[in-house]
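Close look at the chain arrangement
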Amino acid sequence: KAPQLMLKAGALQQLQESLDVLREEMSQLTPRQLSFLVAHTPELLLVPASQLRENATWLGATIGLGEAARAEVLAAAPKLLVAKRAAVLKNLAWLESQLDLADVGRLQRVVCRTPLCLLLSTEKTMEARVDYFRQLGVNPELLTSLVLCTPTLLHSPLGMLSHRLAWWTDEAAVARAELPALLGRSPQLLRLGPKQCEAMVEWLLTLKLSRAEALAVLRAEPGVLEQSEEQLQLKAAFFCDVIGGSPSELATVPHVLTCNLAKHAMLRHAYCLSQGISASPTELVVKGSAIFCREVAGCDESELRAFEEEGKHLPFYSGAAL
């Protein structure tokens, strides 16, 4: 990869100095990781130590990165140390204009999570991904959200992205025109492949839902896929075992699997019990506190907040076997 190294027999000191700079700039790497990095980008050793240090400093200052963040970016994309500055600036300008990443915090988030975006071809790689989502009907605001949530979308294989979305259209019966709305409800969906989606369907089937109901749950509340199994078990057990909901009822209120259990279902259930209010399981977890207070509990939101601030609803469940 760098045959010129064979001509450096009389300049071992220069090579050592360059290696020392790499070790210094990427101090979080173990010796083995640094060895791997040098083996795959040996051309870095041919760059004088002073130039390496200057390039690293320039990159950090241009993006506004601290030393730790800069070290992580360089470790993930070491070729940035030999990249042409004009090319890096061009990619930064593209990110700012095409993805509304002019905000420093947003730009740093994307760069730190996918440093390759500063080395990729905007025309051949990143624009192709952006065009793909635009053709799906994704608007500029949602596109920015998708990239902020999953920056690797900027260089993910288009075939892989199509394969992941195909599960939703083929298996979950989501119309292609509805895909932007689905992604808007859960921008992180593109991180998940068909196997993970099917695994969630299988888990929902263990709750006695039909496959049609399980798919309906994911269509309505795709954020279920982002929950840990422990949290899902807890919320499902509360709905079915504590407040007496049935699997079919659960399918009509899938947001119970993504809500903050203590501030949502537990709070409302305890409030109704304390006030002698009879409410069905689906009424207890209706979306929106205003609707719950007005149509179910017949109280003001301030009364429910005051009850929550007392904190009595949490000890109430301390002995519950979920």
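Definitions and cut-offs
Residues numbered from 1 in each chain as written. Predicted model: local features only at pLDDT ≥ 70, side-chain atom pairs only at ≥ 80, totals over all residues. Heavy atoms only, no water. Core = buried A, V, L, I, M, F, W, Y, C linked by side-chain atoms within 4.5 Å. Buried < 20%, exposed > 50% of the residue type's maximum accessible area, 1.4 Å probe, protein only. Helix = DSSP H or I, 4+ residues; strand = E, 2+ residues; numbered from the N terminus. Contact = heavy atoms within 4.5 Å. Phe/Tyr/Trp six-rings, centres within 6.5 Å; stacked < 30°, edge-to-face > 60°. Axes fitted to C-alpha atoms, helices over the stretch in contact; angles between N-to-C directions. Parallel < 35°, antiparallel > 145°, perpendicular 65-115°, else oblique. Nonpolar A, V, L, I, M, F, W, Y, C, P; charged D, E, K, R; others polar. Disulfide = S-S within 2.5 Å.

Some words on the nonpolar core
Grouped burial of nonpolar side chains is what soluble globular proteins tend to show. Leu 95, Leu 118, Phe 133 and Trp 168 are the most contacted members of the largest nonpolar core, which has 99 residues in total. Of the residues forming this core, the biggest block, six residues, is contributed by helix H15 (residues 262-275). Residue contacts for Leu 118: discarding those within four places in its chain leaves Leu 59, Ile 63, Leu 80, Val 88, Asn 91, Leu 92, Leu 95 and Val 111.

Topic: the packing of aromatic side chains
Tallied over the full model, the rule gives three aromatic pairs. Between the aromatic rings of Tyr 132 and Phe 133, the centroid separation amounts to 5.3 Å while the plane-to-plane angle is 75°, which identifies the pairing as edge-to-face. With relative accessibility at 15%, the residue Tyr 132 sits in the buried group.

Thoughts on the packing of helix H9 (residues 158-170) against helix H11 (residues 194-205)
In contact at an axis separation of 9 Å, H9 and H11 are set at 30° when each is read in the N-to-C sense. One finds that H9 runs roughly parallel with respect to H11. Two secondary-structure elements touch here, H9 through His 163, Arg 164, Trp 167 and Trp 168 and H11 through Pro 194, Cys 197, Glu 198 and Val 201. A per-class count over the contact of H9 with H11 returns five nonpolar, one polar and two charged.

Here's the deal with unusual backbone geometry
Unusually for a residue other than glycine, Asp 100 sits at a positive phi of about 55°. As for its placement among the helices and strands, Asp 100 is situated in the loop between helix H5 (85-98) and helix H6 (104-113). Residue Asp 100 is classed as partly exposed on the basis of its relative accessible area, which comes to 47%. A positive phi angle, close to 60°, is found at Ala 173, a residue other than glycine.

Comments concerning the state of the cysteines
Under the counting rule described, the total for this entry stands at zero disulfides. Here Cys 112 stays free of any disulfide, with the sulfur of Cys 117 as its closest cysteine sulfur at 9.5 Å.

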